[in-house]
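Take a look at the letters that make up each chain.
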Amino acid sequence: MADHNNLVSSTQQITKEALNKLGFDEGMYELIKEPLRFLEVRIPIRMDDGTMQTFTGYRAQHNHAVGPTKGGIRFHPDVTKEEVKALSMWMTLKCGIANLPYGGGKGGIICDPRQMSNQELERLSRAYVRAISQFVGPSSDIPAPDVYTNPQIMSWMMDEYSMINRSNAFAFITGKPLALGGSLGRNRATALGAVITIEEATKRRNISINNSRVVIQGFGNAGSFIAKILHDMGAKIVAISESYGALYDSNGLDIDHLIELKEQHGRVTHLFDDVISNKDLLKLDCDILVPAALSNQITADNANDIKANIIAEAANGPTTQEATRILNERGILLIPDVLASAGGVTVSYFEWVQNNQGYYWSEEEVNTKLRHKMVDAFNNIYDLAHDRKIDMRLAAYVIGIKRTAEASRFRGWA
Ligand code: NAD
(Lines give C-alpha, C1' and ligand atoms only; values in the text may rest on other atoms or scores of the structure.)
Protein backbone atom coordinates (compact mmCIF):
# COMPACT_ATOMS: atom_id res chain seq x y z
CA MET A 1 0.00 0.00 0.00
CA ALA A 2 2.88 2.33 0.82
CA ASP A 3 4.12 1.68 -2.72
CA HIS A 4 0.89 3.06 -4.18
CA ASN A 5 1.13 6.30 -2.24
CA ASN A 6 4.74 6.63 -3.24
CA LEU A 7 3.78 6.06 -6.89
CA VAL A 8 1.08 8.75 -6.78
CA SER A 9 3.15 11.39 -5.05
CA SER A 10 6.34 10.84 -7.04
CA THR A 11 4.43 10.75 -10.36
CA GLN A 12 2.65 14.01 -9.47
CA GLN A 13 5.80 15.69 -8.25
CA ILE A 14 7.87 14.87 -11.35
CA THR A 15 4.95 15.79 -13.64
CA LYS A 16 4.74 19.18 -11.94
CA GLU A 17 8.46 19.71 -12.50
CA ALA A 18 8.10 18.63 -16.14
CA LEU A 19 5.22 21.06 -16.74
CA ASN A 20 7.34 23.83 -15.19
CA LYS A 21 10.19 23.04 -17.59
CA LEU A 22 7.70 23.26 -20.45
CA GLY A 23 6.54 26.68 -19.25
CA PHE A 24 3.00 25.68 -18.23
CA ASP A 25 1.39 27.33 -15.22
CA GLU A 26 -0.18 25.91 -12.07
CA GLY A 27 -3.57 25.64 -13.86
CA MET A 28 -2.19 23.00 -16.21
CA TYR A 29 -0.86 20.98 -13.27
CA GLU A 30 -4.27 21.21 -11.59
CA LEU A 31 -5.81 19.72 -14.76
CA ILE A 32 -3.23 16.97 -15.17
CA LYS A 33 -2.58 15.83 -11.60
CA GLU A 34 -5.76 13.66 -11.54
CA PRO A 35 -7.75 11.74 -14.17
CA LEU A 36 -10.50 13.71 -15.94
CA ARG A 37 -12.88 10.85 -15.35
CA PHE A 38 -12.90 8.16 -12.69
CA LEU A 39 -15.55 5.49 -12.44
CA GLU A 40 -16.19 3.18 -9.49
CA VAL A 41 -18.55 0.25 -10.00
CA ARG A 42 -19.96 -2.48 -7.75
CA ILE A 43 -20.24 -5.83 -9.51
CA PRO A 44 -22.45 -8.60 -8.07
CA ILE A 45 -21.44 -12.10 -9.23
CA ARG A 46 -22.92 -15.52 -8.57
CA MET A 47 -20.10 -17.73 -7.27
CA ASP A 48 -19.84 -21.46 -8.08
CA ASP A 49 -21.21 -22.41 -4.63
CA GLY A 50 -24.44 -20.48 -5.34
CA THR A 51 -23.72 -17.48 -3.12
CA MET A 52 -23.56 -13.90 -4.41
CA GLN A 53 -20.42 -11.81 -3.98
CA THR A 54 -20.07 -8.12 -4.81
CA PHE A 55 -16.76 -6.89 -6.19
CA THR A 56 -15.51 -3.31 -6.59
CA GLY A 57 -14.03 -2.20 -9.91
CA TYR A 58 -12.53 1.01 -11.23
CA ARG A 59 -11.78 2.67 -14.54
CA ALA A 60 -9.69 5.85 -14.77
CA GLN A 61 -9.46 7.99 -17.91
CA HIS A 62 -6.63 10.38 -17.32
CA ASN A 63 -6.83 12.73 -20.29
CA HIS A 64 -8.29 12.31 -23.79
CA ALA A 65 -7.03 15.58 -25.31
CA VAL A 66 -4.90 13.78 -27.95
CA GLY A 67 -7.10 10.72 -28.55
CA PRO A 68 -8.86 7.83 -26.82
CA THR A 69 -7.54 6.73 -23.44
CA LYS A 70 -5.67 3.42 -23.26
CA GLY A 71 -4.49 1.15 -20.48
CA GLY A 72 -4.73 -2.26 -18.85
CA ILE A 73 -7.14 -3.79 -16.36
CA ARG A 74 -5.62 -5.51 -13.34
CA PHE A 75 -7.26 -8.13 -11.15
CA HIS A 76 -5.61 -8.06 -7.74
CA PRO A 77 -6.62 -7.99 -4.05
CA ASP A 78 -4.44 -4.89 -3.47
CA VAL A 79 -5.96 -2.73 -6.22
CA THR A 80 -6.78 0.76 -4.87
CA LYS A 81 -8.36 3.90 -6.34
CA GLU A 82 -5.10 5.79 -5.85
CA GLU A 83 -3.09 3.15 -7.67
CA VAL A 84 -5.50 3.04 -10.63
CA LYS A 85 -5.45 6.85 -10.88
CA ALA A 86 -1.64 7.02 -10.75
CA LEU A 87 -1.25 4.24 -13.29
CA SER A 88 -3.62 6.03 -15.70
CA MET A 89 -1.39 9.09 -15.49
CA TRP A 90 1.60 6.84 -16.15
CA MET A 91 -0.11 5.57 -19.28
CA THR A 92 -0.46 9.16 -20.53
CA LEU A 93 3.31 9.52 -20.09
CA LYS A 94 4.13 6.23 -21.86
CA CYS A 95 1.81 7.08 -24.79
CA GLY A 96 3.39 10.54 -25.03
CA ILE A 97 6.90 9.06 -24.95
CA ALA A 98 6.10 6.59 -27.76
CA ASN A 99 4.19 9.34 -29.63
CA LEU A 100 0.93 7.37 -29.76
CA PRO A 101 -2.38 9.22 -30.38
CA TYR A 102 -3.71 8.21 -26.97
CA GLY A 103 -4.13 9.51 -23.46
CA GLY A 104 -3.74 7.23 -20.45
CA GLY A 105 -6.36 4.95 -18.93
CA LYS A 106 -6.30 2.17 -16.33
CA GLY A 107 -8.75 -0.22 -14.73
CA GLY A 108 -8.83 -2.65 -11.87
CA ILE A 109 -11.02 -5.00 -9.90
CA ILE A 110 -10.36 -5.84 -6.25
CA CYS A 111 -10.37 -9.65 -6.36
CA ASP A 112 -8.03 -12.61 -6.02
CA PRO A 113 -8.10 -14.43 -9.36
CA ARG A 114 -5.93 -17.25 -7.92
CA GLN A 115 -8.85 -18.19 -5.64
CA MET A 116 -11.49 -18.06 -8.40
CA SER A 117 -12.62 -20.66 -10.95
CA ASN A 118 -12.56 -19.94 -14.69
CA GLN A 119 -16.36 -19.65 -14.70
CA GLU A 120 -16.29 -17.11 -11.87
CA LEU A 121 -13.59 -15.12 -13.69
CA GLU A 122 -15.64 -15.14 -16.89
CA ARG A 123 -18.74 -13.88 -15.05
CA LEU A 124 -16.70 -11.15 -13.34
CA SER A 125 -15.00 -10.04 -16.59
CA ARG A 126 -18.31 -9.83 -18.47
CA ALA A 127 -20.11 -8.03 -15.63
CA TYR A 128 -17.29 -5.47 -15.35
CA VAL A 129 -17.64 -4.69 -19.06
CA ARG A 130 -21.42 -4.33 -18.68
CA ALA A 131 -20.85 -1.93 -15.78
CA ILE A 132 -18.42 0.33 -17.67
CA SER A 133 -19.77 -0.17 -21.22
CA GLN A 134 -21.27 3.32 -21.50
CA PHE A 135 -17.88 4.91 -20.81
CA VAL A 136 -15.48 2.83 -22.93
CA GLY A 137 -15.19 1.89 -26.60
CA PRO A 138 -12.84 1.62 -29.60
CA SER A 139 -12.75 5.39 -30.08
CA SER A 140 -13.04 6.51 -26.46
CA ASP A 141 -11.23 4.17 -24.03
CA ILE A 142 -9.45 0.94 -24.98
CA PRO A 143 -8.50 -1.55 -22.24
CA ALA A 144 -5.73 -4.18 -22.28
CA PRO A 145 -4.28 -6.88 -19.99
CA ASP A 146 -2.32 -6.04 -16.84
CA VAL A 147 -1.46 -7.92 -13.64
CA TYR A 148 -3.37 -11.28 -13.54
CA THR A 149 -5.42 -10.61 -16.67
CA ASN A 150 -4.67 -12.42 -19.93
CA PRO A 151 -5.79 -13.03 -23.55
CA GLN A 152 -8.69 -15.25 -22.41
CA ILE A 153 -10.05 -12.48 -20.17
CA MET A 154 -9.61 -9.97 -23.03
CA SER A 155 -11.62 -12.34 -25.27
CA TRP A 156 -14.56 -12.54 -22.84
CA MET A 157 -14.52 -8.76 -22.45
CA MET A 158 -14.41 -8.22 -26.23
CA ASP A 159 -17.28 -10.67 -26.70
CA GLU A 160 -19.43 -8.98 -24.04
CA TYR A 161 -18.81 -5.52 -25.46
CA SER A 162 -19.59 -6.81 -28.97
CA MET A 163 -22.89 -8.31 -27.82
CA ILE A 164 -23.95 -5.09 -26.11
CA ASN A 165 -23.12 -3.09 -29.25
CA ARG A 166 -24.40 -5.74 -31.68
CA SER A 167 -21.25 -5.86 -33.83
CA ASN A 168 -17.79 -7.41 -33.58
CA ALA A 169 -15.73 -4.78 -31.77
CA PHE A 170 -12.18 -6.20 -32.04
CA ALA A 171 -10.73 -2.70 -31.60
CA PHE A 172 -12.43 -2.33 -28.20
CA ILE A 173 -9.62 -4.12 -26.35
CA THR A 174 -6.02 -5.22 -27.02
CA GLY A 175 -3.91 -8.16 -25.87
CA LYS A 176 -6.36 -10.57 -27.54
CA PRO A 177 -5.38 -13.99 -28.90
CA LEU A 178 -4.36 -14.07 -32.58
CA ALA A 179 -7.63 -15.80 -33.55
CA LEU A 180 -9.57 -12.75 -32.32
CA GLY A 181 -7.47 -10.05 -33.94
CA GLY A 182 -4.47 -10.05 -31.61
CA SER A 183 -1.15 -8.84 -32.98
CA LEU A 184 1.93 -10.89 -33.71
CA GLY A 185 4.79 -9.76 -31.47
CA ARG A 186 2.50 -8.67 -28.59
CA ASN A 187 3.83 -11.30 -26.13
CA ARG A 188 7.40 -10.13 -26.25
CA ALA A 189 6.68 -6.45 -26.93
CA THR A 190 7.49 -5.07 -23.46
CA ALA A 191 10.74 -7.05 -23.23
CA LEU A 192 11.79 -6.25 -26.78
CA GLY A 193 11.00 -2.56 -26.25
CA ALA A 194 13.20 -2.56 -23.13
CA VAL A 195 16.03 -4.31 -24.99
CA ILE A 196 15.87 -1.77 -27.85
CA THR A 197 16.32 1.07 -25.33
CA ILE A 198 19.26 -0.86 -23.80
CA GLU A 199 20.84 -1.19 -27.26
CA GLU A 200 20.54 2.57 -27.79
CA ALA A 201 22.01 3.24 -24.34
CA THR A 202 25.01 0.97 -25.03
CA LYS A 203 25.73 2.95 -28.21
CA ARG A 204 25.84 6.15 -26.18
CA ARG A 205 28.17 4.49 -23.67
CA ASN A 206 30.40 2.79 -26.27
CA ILE A 207 29.66 -0.67 -24.91
CA SER A 208 28.93 -3.62 -27.15
CA ILE A 209 25.97 -5.82 -26.12
CA ASN A 210 27.99 -8.81 -27.28
CA ASN A 211 29.89 -10.02 -24.18
CA SER A 212 28.45 -7.28 -21.94
CA ARG A 213 27.69 -8.47 -18.41
CA VAL A 214 24.02 -8.22 -17.47
CA VAL A 215 22.29 -8.62 -14.09
CA ILE A 216 18.50 -9.04 -14.03
CA GLN A 217 16.39 -8.82 -10.88
CA GLY A 218 13.25 -10.90 -11.49
CA PHE A 219 12.75 -13.82 -13.86
CA GLY A 220 9.02 -13.45 -14.62
CA ASN A 221 7.32 -12.37 -17.84
CA ALA A 222 9.43 -9.25 -18.21
CA GLY A 223 12.76 -10.49 -16.79
CA SER A 224 12.92 -13.90 -18.48
CA PHE A 225 12.09 -12.52 -21.96
CA ILE A 226 14.66 -9.74 -21.54
CA ALA A 227 17.24 -12.34 -20.44
CA LYS A 228 16.49 -14.52 -23.45
CA ILE A 229 16.66 -11.69 -26.03
CA LEU A 230 19.91 -10.25 -24.61
CA HIS A 231 21.43 -13.74 -24.27
CA ASP A 232 20.62 -14.44 -27.93
CA MET A 233 22.32 -11.14 -28.83
CA GLY A 234 25.55 -12.42 -27.20
CA ALA A 235 25.31 -10.76 -23.78
CA LYS A 236 26.48 -12.68 -20.71
CA ILE A 237 23.60 -12.84 -18.23
CA VAL A 238 25.71 -13.19 -15.08
CA ALA A 239 22.81 -13.16 -12.59
CA ILE A 240 19.03 -13.50 -12.40
CA SER A 241 16.80 -13.62 -9.36
CA GLU A 242 13.40 -14.55 -7.96
CA SER A 243 11.91 -13.88 -4.55
CA TYR A 244 13.77 -16.97 -3.20
CA GLY A 245 17.22 -15.67 -4.16
CA ALA A 246 19.62 -15.03 -7.01
CA LEU A 247 21.75 -17.26 -9.27
CA TYR A 248 25.18 -15.94 -10.17
CA ASP A 249 27.88 -17.10 -12.57
CA SER A 250 30.57 -14.66 -13.69
CA ASN A 251 30.96 -16.65 -16.94
CA GLY A 252 27.27 -16.24 -17.80
CA LEU A 253 24.25 -18.40 -16.93
CA ASP A 254 22.71 -20.92 -19.34
CA ILE A 255 19.50 -18.95 -19.95
CA ASP A 256 17.87 -21.49 -22.30
CA HIS A 257 18.25 -24.19 -19.63
CA LEU A 258 16.86 -21.89 -16.91
CA ILE A 259 13.84 -21.03 -19.06
CA GLU A 260 13.21 -24.75 -19.66
CA LEU A 261 13.37 -25.35 -15.88
CA LYS A 262 11.00 -22.43 -15.30
CA GLU A 263 8.53 -23.91 -17.79
CA GLN A 264 8.67 -27.26 -15.96
CA HIS A 265 8.65 -26.01 -12.35
CA GLY A 266 7.17 -22.50 -12.50
CA ARG A 267 10.24 -21.12 -10.72
CA VAL A 268 13.98 -21.90 -10.89
CA THR A 269 16.16 -20.50 -8.14
CA HIS A 270 14.79 -22.90 -5.48
CA LEU A 271 16.27 -25.80 -7.50
CA PHE A 272 19.83 -24.60 -6.77
CA ASP A 273 21.81 -24.73 -3.50
CA ASP A 274 24.17 -21.95 -4.38
CA VAL A 275 22.12 -18.76 -4.30
CA ILE A 276 23.03 -15.22 -3.33
CA SER A 277 20.67 -12.66 -1.83
CA ASN A 278 18.69 -10.12 -3.85
CA LYS A 279 20.48 -7.40 -1.89
CA ASP A 280 23.87 -8.63 -3.10
CA LEU A 281 22.58 -9.08 -6.65
CA LEU A 282 22.08 -5.34 -7.02
CA LYS A 283 25.69 -4.67 -6.03
CA LEU A 284 27.28 -7.09 -8.53
CA ASP A 285 29.89 -5.83 -10.95
CA CYS A 286 28.20 -5.59 -14.36
CA ASP A 287 27.63 -3.34 -17.38
CA ILE A 288 23.83 -3.43 -17.41
CA LEU A 289 21.46 -3.84 -14.46
CA VAL A 290 17.78 -4.58 -15.18
CA PRO A 291 15.42 -4.35 -12.20
CA ALA A 292 12.41 -6.37 -13.45
CA ALA A 293 10.63 -7.38 -10.24
CA LEU A 294 9.40 -4.94 -7.61
CA SER A 295 9.23 -1.23 -6.86
CA ASN A 296 11.56 0.61 -4.44
CA GLN A 297 14.60 -1.67 -4.89
CA ILE A 298 17.25 0.97 -5.53
CA THR A 299 17.17 3.50 -2.70
CA ALA A 300 19.45 6.06 -1.07
CA ASP A 301 20.83 3.15 1.02
CA ASN A 302 22.27 1.14 -1.88
CA ALA A 303 22.53 3.58 -4.81
CA ASN A 304 26.19 4.22 -4.03
CA ASP A 305 26.97 0.47 -4.17
CA ILE A 306 25.63 -0.04 -7.70
CA LYS A 307 28.44 -0.81 -10.16
CA ALA A 308 26.46 -0.92 -13.42
CA ASN A 309 27.09 1.55 -16.21
CA ILE A 310 23.47 1.39 -17.44
CA ILE A 311 20.26 0.67 -15.49
CA ALA A 312 17.12 -0.26 -17.45
CA GLU A 313 13.99 -0.06 -15.32
CA ALA A 314 11.79 -2.85 -16.68
CA ALA A 315 9.78 -2.91 -13.42
CA ASN A 316 7.44 -0.11 -12.38
CA GLY A 317 9.09 2.31 -9.95
CA PRO A 318 12.17 0.27 -8.91
CA THR A 319 14.23 3.39 -8.07
CA THR A 320 13.33 6.09 -5.56
CA GLN A 321 13.73 9.76 -6.45
CA GLU A 322 16.61 10.18 -4.01
CA ALA A 323 18.39 7.20 -5.57
CA THR A 324 17.73 8.64 -9.06
CA ARG A 325 19.58 11.78 -8.00
CA ILE A 326 22.54 9.79 -6.63
CA LEU A 327 22.79 7.59 -9.75
CA ASN A 328 22.62 10.66 -11.98
CA GLU A 329 25.44 12.34 -10.03
CA ARG A 330 27.50 9.17 -10.33
CA GLY A 331 27.09 9.26 -14.12
CA ILE A 332 25.09 6.04 -14.36
CA LEU A 333 22.78 6.06 -17.39
CA LEU A 334 19.27 5.29 -16.15
CA ILE A 335 16.57 4.29 -18.64
CA PRO A 336 13.41 5.25 -16.71
CA ASP A 337 10.46 2.88 -16.36
CA VAL A 338 8.04 5.03 -18.39
CA LEU A 339 10.45 4.71 -21.33
CA ALA A 340 11.85 1.18 -20.83
CA SER A 341 8.38 -0.41 -20.54
CA ALA A 342 6.61 1.58 -23.30
CA GLY A 343 6.93 -1.31 -25.80
CA GLY A 344 3.80 -3.06 -24.49
CA VAL A 345 1.41 -0.16 -25.11
CA THR A 346 3.12 0.54 -28.44
CA VAL A 347 2.30 -2.92 -29.80
CA SER A 348 -1.18 -2.63 -28.24
CA TYR A 349 -1.56 0.48 -30.39
CA PHE A 350 -0.42 -1.53 -33.43
CA GLU A 351 -3.03 -4.18 -32.59
CA TRP A 352 -5.77 -1.49 -32.49
CA VAL A 353 -4.57 -0.02 -35.81
CA GLN A 354 -4.66 -3.49 -37.42
CA ASN A 355 -8.17 -4.12 -36.01
CA ASN A 356 -9.43 -0.79 -37.34
CA GLN A 357 -8.04 -1.39 -40.83
CA GLY A 358 -8.76 -5.14 -40.92
CA TYR A 359 -5.31 -5.77 -42.39
CA TYR A 360 -2.69 -7.66 -40.39
CA TRP A 361 1.08 -7.27 -40.32
CA SER A 362 3.86 -9.87 -40.12
CA GLU A 363 5.82 -10.18 -36.87
CA GLU A 364 8.80 -8.64 -38.63
CA GLU A 365 6.74 -5.61 -39.60
CA VAL A 366 5.46 -5.20 -36.04
CA ASN A 367 8.97 -5.47 -34.60
CA THR A 368 10.41 -3.03 -37.13
CA LYS A 369 7.72 -0.47 -36.32
CA LEU A 370 8.31 -1.04 -32.60
CA ARG A 371 12.03 -0.48 -33.11
CA HIS A 372 11.41 2.87 -34.84
CA LYS A 373 9.19 4.06 -32.00
CA MET A 374 11.55 2.97 -29.22
CA VAL A 375 14.72 4.27 -30.89
CA ASP A 376 13.11 7.69 -31.43
CA ALA A 377 11.75 7.73 -27.90
CA PHE A 378 15.11 6.87 -26.34
CA ASN A 379 17.08 9.37 -28.39
CA ASN A 380 14.61 12.24 -27.90
CA ILE A 381 14.79 11.73 -24.16
CA TYR A 382 18.55 11.23 -24.05
CA ASP A 383 19.18 14.37 -26.12
CA LEU A 384 16.79 16.45 -24.05
CA ALA A 385 18.42 15.26 -20.80
CA HIS A 386 21.83 16.11 -22.21
CA ASP A 387 20.87 19.52 -23.67
CA ARG A 388 18.88 20.71 -20.64
CA LYS A 389 21.22 19.03 -18.11
CA ILE A 390 18.37 17.19 -16.42
CA ASP A 391 18.12 13.53 -15.45
CA MET A 392 16.62 10.94 -17.81
CA ARG A 393 13.49 10.50 -15.71
CA LEU A 394 12.60 14.19 -15.76
CA ALA A 395 13.39 14.33 -19.50
CA ALA A 396 11.04 11.36 -20.07
CA TYR A 397 8.26 13.13 -18.16
CA VAL A 398 8.82 16.36 -20.12
CA ILE A 399 8.42 14.50 -23.42
CA GLY A 400 5.67 12.26 -22.05
CA ILE A 401 3.40 15.09 -20.90
CA LYS A 402 4.15 17.68 -23.62
CA ARG A 403 1.57 16.72 -26.25
CA THR A 404 -1.27 16.15 -23.77
CA ALA A 405 -0.59 19.53 -22.14
CA GLU A 406 -0.38 21.32 -25.49
CA ALA A 407 -3.55 19.65 -26.78
CA SER A 408 -5.36 20.49 -23.54
CA ARG A 409 -4.34 24.15 -23.90
CA PHE A 410 -5.46 24.32 -27.55
CA ARG A 411 -8.78 22.81 -26.55
CA GLY A 412 -9.18 25.49 -23.90
CA TRP A 413 -9.06 23.14 -20.93
CA ALA A 414 -6.33 24.96 -19.02
P1 NAD B 1 5.99 -11.63 -12.91
O2 NAD B 1 5.07 -11.83 -11.77
O3 NAD B 1 5.87 -12.47 -14.12
O4 NAD B 1 7.50 -11.77 -12.40
C5 NAD B 1 8.01 -11.15 -11.26
C6 NAD B 1 9.37 -11.76 -10.96
O7 NAD B 1 9.94 -11.08 -9.86
C8 NAD B 1 9.30 -13.23 -10.57
O9 NAD B 1 10.39 -13.91 -11.16
C10 NAD B 1 9.48 -13.20 -9.05
O11 NAD B 1 10.07 -14.37 -8.51
C12 NAD B 1 10.42 -12.02 -8.92
N13 NAD B 1 10.45 -11.46 -7.56
C14 NAD B 1 9.41 -11.32 -6.69
N15 NAD B 1 9.86 -10.82 -5.53
C16 NAD B 1 11.19 -10.63 -5.69
C17 NAD B 1 12.23 -10.15 -4.85
N18 NAD B 1 11.97 -9.77 -3.60
N19 NAD B 1 13.46 -10.11 -5.36
C20 NAD B 1 13.72 -10.52 -6.61
N21 NAD B 1 12.81 -11.01 -7.43
C22 NAD B 1 11.56 -11.05 -6.98
O23 NAD B 1 5.88 -10.07 -13.28
P24 NAD B 1 6.33 -9.34 -14.62
O25 NAD B 1 5.16 -9.28 -15.54
O26 NAD B 1 7.62 -9.90 -15.10
O27 NAD B 1 6.54 -7.87 -14.07
C28 NAD B 1 7.70 -7.48 -13.37
C29 NAD B 1 7.75 -5.96 -13.29
O30 NAD B 1 7.73 -5.45 -14.61
C31 NAD B 1 6.57 -5.32 -12.57
O32 NAD B 1 7.01 -4.17 -11.93
C33 NAD B 1 5.64 -4.96 -13.71
O34 NAD B 1 4.74 -3.93 -13.36
C35 NAD B 1 6.65 -4.54 -14.76
N36 NAD B 1 6.09 -4.56 -16.10
C37 NAD B 1 5.77 -5.75 -16.71
C38 NAD B 1 5.23 -5.73 -18.00
C39 NAD B 1 4.91 -7.01 -18.73
O40 NAD B 1 4.50 -6.92 -19.92
N41 NAD B 1 5.08 -8.19 -18.17
C42 NAD B 1 4.97 -4.51 -18.62
C43 NAD B 1 5.31 -3.31 -17.98
C44 NAD B 1 5.87 -3.35 -16.71
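Residues numbered from 1 in each chain as written. Predicted model: local features only at pLDDT ≥ 70, side-chain atom pairs only at ≥ 80, totals over all residues. Heavy atoms only, no water.

Right, let's talk about the packing of aromatic side chains for a bit. Under the counting rule described, the total for this entry stands at eight aromatic pairs. Put simply, the rings of Tyr102, Tyr349, Phe350, Trp352 and Trp361 pair up and form one aromatic cluster. Sitting over the ring of phenylalanine 38, lysine 85 keeps its end group 5.0 Å from the ring centre. Positioned over the ring face of tryptophan 361 is lysine 369, at 4.4 Å from the centre of the ring. (Phe/Tyr/Trp six-rings, centres within 6.5 Å; stacked < 30°, edge-to-face > 60°. Lys NZ or Arg CZ within 6 Å of the ring centre and 35° of its normal.)

So, on to the side chain of asparagine 302. Here asparagine 302 shows up in the loop between strand E9 (288-291) and strand E10 (310-312). Ignoring anything within four residues of it in the chain, the contact list for asparagine 302 reads Leu282 and Gln297. (Helix = DSSP H or I, 4+ residues; strand = E, 2+ residues; numbered from the N terminus. Contact = heavy atoms within 4.5 Å.)

One way to put it is that helix H6 (residues 189-204) packs onto helix H7 (residues 221-232) with a least axis distance of 9 Å and a crossing angle of 50°. Taken together, the axes of H6 and H7 are oblique relative to one another. As for how H6 packs across H7, the hand of that crossing is right-handed. Contacts between H6 and H7 involve Ala191, Leu192, Ala194, Val195 and Ile198 from the former and Ala222, Phe225, Ile226, Ile229 and Leu230 from the latter. Counted by class, the contact of H6 with H7 contains ten nonpolar, no polar and no charged residues. (Axes fitted to C-alpha atoms, helices over the stretch in contact; angles between N-to-C directions. Parallel < 35°, antiparallel > 145°, perpendicular 65-115°, else oblique. Left-handed = near helix turned anticlockwise from the far one by under 90°. Nonpolar A, V, L, I, M, F, W, Y, C, P; charged D, E, K, R; others polar.)

Turning next to the pairing of strand E2 (residues 52-61). In terms of burial, E2 is a largely internal element, seven of the ten residues being buried. Bridging between strand E1 (residues 37-46) and E2 involves ten bridges; their strand directions are antiparallel. Looking at the pairing, leucine 39 lines up with arginine 59 of E2. Summarising the sheet, E2 and strand E4 (residues 103-109) pair through five bridges and their orientation is antiparallel. By the bridge assignment for E4, tyrosine 58 is matched with glycine 108. (Buried < 20%, exposed > 50% of the residue type's maximum accessible area, 1.4 Å probe, protein only. Pairing = 2+ DSSP bridges.)

Applying the stated criterion across every chain, the model contains 27 salt bridges. Aspartate 146 serves as the salt-bridge partner of lysine 106, at 2.8 Å between the closest nitrogen and oxygen. Of this pair, lysine 106 sits in strand E4 while aspartate 146 is found in the loop between strand E5 (141-145) and helix H5 (151-165), placing the two residues 40 residues apart along the sequence. Put simply, lysine 228 and aspartate 232 hold a salt bridge, and the shortest N to O gap is 3.1 Å. Placement of both lysine 228 and aspartate 232 in helix H7 is noted, with a separation of four residues, approximately one turn of the helix. Under the relative-accessibility criterion, aspartate 232 is labelled exposed at 52%. Salt bridges sharing common partners tie together Glu122, Arg126, Arg130, Asp159 and Glu160. (Salt bridge = Lys/Arg side-chain N within 4 Å of Asp/Glu carboxyl O.)

As a further point, take the sheet that holds strand E8 (residues 245-248). Hydrogen bonds along the backbone pair up the strands of a sheet, which may run parallel or antiparallel. Strand order in this open sheet of six strands is E8-E7-E6-E9-E10-E11, and the pairing throughout is mixed. Each end of this open sheet is capped by a strand with a single partner; those strands are E8 and strand E11 (333-335). Sheet twist, expressed as the mean angle between neighbouring strand axes with direction ignored, is 15°. In this structure, strand E7 (residues 236-242) lies alongside E8, joined through four bridges in antiparallel fashion. Along E8, the bridge assignment pairs serine 241 with alanine 246.

A volume near 290 Å³ is recorded for the second largest pocket. Every residue lining the second largest pocket is counted, 16 residues in all, and those nearest its centre are Asn328, Leu333, Ala385, Ile390 and Met392. Those elements that provide at least two residues to the lining of the second largest pocket are helix H10 (321-329), E11, helix H13 (363-388) and helix H14 (392-411). Across the lining of the second largest pocket, the residue classes tally to eight nonpolar, four polar and four charged. (1 Å grid on protein atoms, 1.4 Å probe; cavity = no way out; pocket = protein on both sides within 12 Å on 5 of 7 lines; lining within 4 Å. Points joined across faces, edges and corners; volume = space filled by probe spheres on them.)

According to the domain assignment, the chain consists of domain 1 (34-168) and domain 2 (189-340). Between the C-alpha centres of domain 1 and domain 2 the distance comes to 30 Å. The junction of domain 1 with domain 2 conceals about 440 Å² of combined surface from both sides, 72% of it contributed by carbon and sulfur atoms. Taken together, the links from domain 1 to domain 2 amount to zero salt bridges. The interface formed by domain 1 and domain 2 holds zero residue pairs in polar contact (both at pLDDT 80 or more) in total. Looking at the side of domain 1 that touches domain 2, the element that brings in the most residues is helix H3 (residues 81-97), giving four residues. Partitioning the side of domain 1 that touches domain 2 into residue classes produces three nonpolar, no polar and two charged. (Domains from an automatic or database assignment. Buried area = accessible area lost by both parts, 1.4 Å probe. Polar contact = N/O pair within 3.5 Å; in protein donor to acceptor, adjacent residues only side chain to side chain.)

It is worth spelling out the side chain of glutamate 120 at this point. Within the fold, glutamate 120 resides in helix H4 (residues 118-132). As a buried residue without a salt bridge, glutamate 120 has its nearest oppositely charged side chain in arginine 123, at a separation of 4.9 Å. There is a polar contact of 2.9 Å between the side chain of glutamate 120 and the backbone nitrogen of serine 117. (Lys, Arg positive; Asp, Glu negative; His and termini not counted.)

This part takes up the site of the ligand. In the vicinity of the ligand, 18 residues are found, and the nearest of them are Phe219, Asn221, Ala222, Asn278 and Asn316. A distance of 3.1 Å is found between an oxygen atom of the ligand and a side-chain nitrogen or oxygen belonging to threonine 190. A distance of 2.8 Å is found between an oxygen atom of the ligand and a backbone nitrogen or oxygen belonging to alanine 222. The protein chains hide 68% of the 830 Å² of surface that the ligand would expose on its own. Where the shell around the ligand is concerned, the elements lending two or more residues are H7 and E7. Of the residues contributing to the shell around the ligand, the split by class is seven nonpolar, ten polar and one charged. (Near = heavy atom within 4 Å. Areas by Shrake-Rupley, 256 points an atom, 1.4 Å probe, with all protein chains shown as cover.)

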